[in-house]
Amino acid sequence: MSTGAKKRILREYAECQNDPLPGVKINFDEQNMTKWEILMDGPDQSVYAGGHYKLEINFPNEYPFKPPVVSFKTKIYHPNVSNDDKGSMCLGLLRPEEWKPPNKVISVLHLIRNLLIEPNPDDAIELSIANDYKTNRAEFDKTAKDWVKRYAK
Amino acid sequence: MTASRIDIFTVRFPDPSSPSFNDDQRWITLPTNVSFRYPITDNIQTLSSKNAGYDASGILYVPELRSDECKKSEEAYVPANATRSRNLPSSNPGIPLIALAPWFSPTCMKEYLESVRKDSVRVLFVFQPGTDRAMPPPMADASWGLGDGGAWKSANDFPTYAINAASGSVILAQMTLYSGNLSEVPHGKDLSSALDSTDYVRLWARVETDAVNRLPSLWVFLIIVLAILMTIIAATSLTMHCVQRRRREELRRRVINGEINLEAVGVKRLTVPREFLEKLPSYTYSAPAHDSENTMPQLPPSVLLASSTGPDSQPTAGARPWMRSSSAPSLSRADGQSPAFSQPSCPICLDDFESNETQVRELPCRHIFHPDCIDPYLLNNSSLCPICKESVMPSGYCPTRITNVMVRRERMLRRAGNRRPSGPASSLGPLSSPIHLGLLGSRIGGVISGRRVFSAPDHRRARSDEEMAISNAAPLSTDAAPGTATSSGATPLSARSDPGCGEIDHEERRERARERALTLLGNRHVPSGDEDEEASGPWWRRGLRKVFPGFR
Ligand SMILES: [Zn+2]
Ligand SMILES: [Zn+2]
């Protein structure tokens, strides 16, 4: 990773610290700055309220030309998060072909937080969950809340 | 395994019990002029091919019957003097025997069989006396039945051949002449001067099975099959080479005509040669005029591009976003000033440009960067502007050899594009404008739903506000202004039309997964990815790809 990229990551971290998102905490390791550990609280207005989610943001060597890679370490019932041990997200600006260098981690964090508030079933990675969300909202909410209790406390 | 030829001839051999017996003198064929010779080259019916795998030969004799009734019946078919076991050397363990028996009744035939099994003959000849057909009936014929369902054949450990009645009686007739002492045989007087008087002179039969003849023919057959296969392979290979060559030329033509940008459609990662990069304008940044700063102060370049360079989003440009329309820069210039100057900071490192101080590099799309930030990327990773994905290289620039992999990928992307849109438009091809716009339409739809997500955050502080504007607007702008040669033309077709990370058909998914993996791995590993791919994989795969260039 180039020094320029490192400089940029440091700069972005500083910006995130100066302007923290509510309920978002970043564990930053100077030694390994390409891997950020994020602790995100489920937004109050969402079904994930009360849950505490651990995420990882990995910066590829080509950052900022390539998007950071986001993965949920805590299991979550969400149409846009893969329901496997990777917990990967793949939508919007996180797509390599849609990522642009001026995009920033903070917008990634915003994206994630907003997706917790309002999932995007049309761009889902878990189609069955998306279907649940669209057609049987009550059931979706119930399962999501149940998963919060089971995995995200 | 069938008998192809039977030769009857006359041999003389010494009595094994005589003192003059020695191996060198055994089995001497008598000259034709003084002996019997009788070839049977056709009309041989193989009744049983048991142990018939080799050419067999031996002294001809008529086996003994057991019952008196059969002996009586036999008289009608076998002359009294025909060679019998008793006319052969008594101590004869080493003497090969071939039996000849008339098939006149099943009962007596069974007795013949008993006898020949005891004698351990090498071959049994049979004939049906009194019949005048040239070819004896085939094995399945009822006349060969002994009431045991054909079990007699497998009970023998020797092959059985049927000859016709005429040959049978000729041989038997001759046999009577060659059963006694040397002096009694035809020309015996002449022969006895040269031979020991105790020598035997008997008829000898040799059976040639076509096992020997078939062996070479089997090889010939194999060679023919092989040759046909090779011809097919060669023809296929040649055809595929020709087809592939035509496709390569076609693709090259399209690239040179500017119909397609290999990198923009996701076929081949290109990089910018250093000499070309050095020709790109680089100058000292100077702050934009005040009015523009007032109207759209901190918006990121892509937003500016999207909103200010309206002409770019016209369908013509949208339809062929991979084409660097030569009018684009002049259009953006037309609104008074260069939009490049509205970019206050470097999108790569996010540092602000210092007016009259910072050296910037301007790409043909008018985006500006620190040379230190953009140059290595263009040299090593991509020839597309990282912001708008417009090619830095002039249209029609065909950098490398067009490889089969590139052809394949381009075709696949085109097919994927063809498959996606519904309706008659699909026949126009993925790159024609209606579909393109259709895809964009659906994309915009998706983006609009995404927009809610992006517009949700409330901007609390002024400082963060502008940051937010940059960070949030950028992804939006790329999608919301699709005609700007931004999102659509830039992303590979398959990726663009893919609604999620799932629901793609298998082949495409594999290709995409690989594509994505390559992307995530980083371009540095695939500076010239296609050639690498061509030479990758196990040896057999590489070989197959060489022979059949279309092969994946
Ligand atoms: Zn820079
Ligand atoms: Zn650009």
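The rules behind the values
Residues numbered from 1 in each chain as written. Chains lettered and ligands numbered in written order. Predicted model: local features only at pLDDT ≥ 70, side-chain atom pairs only at ≥ 80, totals over all residues. Heavy atoms only, no water. Helix = DSSP H or I, 4+ residues; strand = E, 2+ residues; numbered from the N terminus. Buried < 20%, exposed > 50% of the residue type's maximum accessible area, 1.4 Å probe, protein only. Patch = residues over 30% accessible without salt bridge, like charges linked within 9 Å, V, L, I, M, F, W, Y side chains within 5 Å. Areas by Shrake-Rupley, 256 points an atom, 1.4 Å probe, with all protein chains shown as cover. Salt bridge = Lys/Arg side-chain N within 4 Å of Asp/Glu carboxyl O. Pairing = 2+ DSSP bridges. Donors = N, O, S within 2.8 Å, 3.2 Å for Na, K, Ca; no water. Tetrahedral: all angles 85-135°; square planar, octahedral: opposite > 155°, others 65-115°. Core = buried A, V, L, I, M, F, W, Y, C linked by side-chain atoms within 4.5 Å. Contact = heavy atoms within 4.5 Å. Lys, Arg positive; Asp, Glu negative; His and termini not counted. Charge placed at Lys NZ, Arg CZ, Asp CG, Glu CD. Polar contact = N/O pair within 3.5 Å; in protein donor to acceptor, adjacent residues only side chain to side chain. pLDDT = per-residue confidence, 0-100. Disulfide = S-S within 2.5 Å. Axes fitted to C-alpha atoms, helices over the stretch in contact; angles between N-to-C directions. UniProt positions renumbered as here; feature names shortened; annotations may be inferred. Phe/Tyr/Trp six-rings, centres within 6.5 Å; stacked < 30°, edge-to-face > 60°. Lys NZ or Arg CZ within 6 Å of the ring centre and 35° of its normal.

Here we take up the overall build of chain B. The number of helices and strands found in chain B is 20 helices and twelve strands. Taking all 552 residues of chain B together, 49% fall into the buried category.

With that settled, the discussion passes to a nonpolar patch on the surface. All names here are of chain B. A contiguous nonpolar patch, built from L218, W219, F221, L222, I223, V225, L229, I233 and V547 and spanning about 820 Å² of accessible area, is present on the exposed surface. No other element matches helix 6 (residues 210–256), which puts eight residues into the nonpolar patch. Structurally, L218 can be placed in helix 6. Its relative accessible area of 44% is what places L218 among the partly exposed residues.

In this section: the pairing of strand 9 (residues 200–209) of chain B. All names here are of chain B. The element strand 9 is extensively covered by neighbouring structure, given that eight of its ten residues are classed as buried. Judged from the ten bridges that link them, strand 1 (residues 3–13) and strand 9 form a sheet pairing that is antiparallel. Counted as the bridge partner of R12 is V201 from strand 9. Bridge analysis of strand 5 (residues 56–61) against strand 9 gives four bridges, and the strand direction is antiparallel. Bridge pairing in strand 9 links I59 to W204.

Take the coordination of the zinc ion (ligand 2) next. Put simply, the ideal angle at a metal is 109.5 degrees for four donors in tetrahedral geometry and 90 or 180 degrees for six donors in octahedral geometry. Residue and element names in this part refer to chain B. Looking at the metal site, the zinc ion (ligand 2) is ligated by C365 (SG), H367 (ND1), C385 (SG) and C388 (SG), spaced 1.8 to 2.3 Å from it. Given four donor atoms and angles of 105 to 117° at the metal, the environment of the zinc ion (ligand 2) is assigned as tetrahedral. The sequence pattern describing where the donors of the zinc ion (ligand 2) fall on their chain is C-x1-H-x17-C-x2-C. In this pair, H367 sits in the loop between strand 11 (359–362) and strand 12 (368–369) while C388 sits in the loop between helix 12 (371–380) and helix 13 (404–419), placing the two residues 21 residues apart along the sequence. We classify H367 as buried; its relative accessible area is 1%.

Counting residues in hydrophobic clusters, the biggest one holds 64 residues, and the most contacted among them are I8, L60, L100, M109, L124, F125 and I171 of chain B. In this structure I8 of chain B touches F36, R37, Y38, L60, I171, L203, W204 and A205 of chain B, once residues within four positions along its chain are discounted. Counting residues in hydrophobic clusters, the runner-up holds 43 residues, among them I26, I57, F59 and V70 of chain A.

Together, K142, K145, K149 and K153 of chain A make up a positively charged patch on the protein surface. Here K153 of chain A shows up in the segment after helix 4 (137–151).

Here we take up the environment of V243 of chain B. Residues and elements named next belong to chain B. Here V243 shows up in helix 6. Residue V243 is classed as partly exposed on the basis of its relative accessible area, which comes to 25%. Considered as a pair, V243 and G550 are 307 residues apart in the sequence and their alpha carbons are 8.6 Å apart.

Residues and elements named next belong to chain B. Summarising the metal site, the zinc ion (ligand 1) is bound by the protein donors C346 (SG), C349 (SG), H370 (ND1) and C373 (SG), whose distances to it range over 2.0 to 2.3 Å. Bound by four donor atoms, the zinc ion (ligand 1) shows angles of 94 to 120° at the metal and therefore tetrahedral coordination geometry. In primary sequence terms, the donor set of the zinc ion (ligand 1) follows C-x2-C-x20-H-x2-C. Here C373 lies in helix 12 and C346 lies in the loop between helix 11 (328–334) and strand 11, a separation of 27 residues in the sequence. Taken individually, C346 and C373 each receive the classification buried, so the pair is uniform in this respect.

The subject of this paragraph is the side chain of S391 of chain B. Note that S391 of chain B resides in the loop between helix 12 and helix 13. Side-chain polar atoms of S391 of chain B contact the backbone nitrogen of M393 of chain B, separated by 3.1 Å.

Let us look at the confidence of the model for chain A. Mean pLDDT over chain A: 90, with 100% of residues reaching 70 or higher. Of all secondary-structure elements in chain A, the lowest mean pLDDT belongs to helix 1 (residues 3–18) of chain A, at 88, while strand 3 (residues 52–58) of chain A reaches the highest, 93.

Residues and elements named next belong to chain B. Applying the stated criterion across every chain yields a total of one disulfide over all chains. Two residues, C70 and C108, share a disulfide whose sulfurs are 2.0 Å apart. Handedness of the C70-C108 disulfide follows from its S-S torsion of about -90°: it is left-handed. Here C70 is found in helix 1 (residues 68–74), whereas its partner C108 is found in helix 2 (residues 106–119), with 38 residues between them in sequence. For C108, a relative accessible area of 4% corresponds to the buried category.

Residues and elements named next belong to chain B. The sheet built from three strands is open, its strands ordered 10-11-12 with antiparallel pairing. Every interior strand has two partners, whereas the edge strands, strand 10 (282–284) and strand 12, have only one. Looking at chain direction, strand 10 and strand 11 are connected through three bridges and run antiparallel. Along strand 11, the bridge assignment pairs T284 with Q359. Helix-sheet contacts for helix 12 involve strand 10, strand 11 and strand 12, and the interaxial angle to strand 11 is about 35°.

Turning our attention to the pattern of salt bridges. Residues and elements named next belong to chain A. Going through the model one piece at a time under the given rule, you end up with 26 salt bridges over all chains. In this structure, E12 and R8 form a salt bridge, with 2.8 Å as the shortest nitrogen-oxygen distance. Of this pair, E12 and R8 are both found in helix 1, four residues apart, which corresponds to roughly one turn of the helix. R95 is the partner of E98 in a salt bridge, and the nearest nitrogen-oxygen pair spans 3.7 Å.

Another aspect to go through is the UniProt feature "transmembrane region" (unreviewed entry) in chain B. Residues annotated by UniProt as "transmembrane region" (unreviewed entry) correspond here to residues 218–243 of chain B. With 100% helix and 0% strand, the stretch residues 218–243 of chain B has end C-alpha atoms that lie 37 Å from each other.

So, about the packing of aromatic side chains. Working definition: an aromatic ring pair is given by the centre-to-centre distance plus the angle between the planes. Counting across every chain of the model gives 20 aromatic pairs over all chains. On the basis of an interplanar angle of 90° and a centroid distance of 6.1 Å, the ring pair of F104 of chain B and Y112 of chain B is categorised as edge-to-face. Members of the aromatic cluster, each reached through a chain of ring pairs, are Y13, F28, W36, F59, Y63 and W99 of chain A. The ring of Y151 of chain A has K75 of chain A lying over it, and the distance from NZ or CZ to the ring centre is 5.7 Å.

Time to look at unusual backbone geometry. Omega for the peptide link from Y63 of chain A to P64 of chain A comes to 5°, which places this bond in the cis form. Structurally, P64 of chain A can be placed in the loop between strand 3 and strand 4 (69–72). Notably, N43 of chain B is not glycine yet its phi reads approximately 60°, a positive angle. Its location among the elements puts N43 of chain B in the loop between strand 3 (37–40) and strand 4 (45–48). Owing to a relative accessible area of 24%, N43 of chain B belongs among the partly exposed residues under this scheme.

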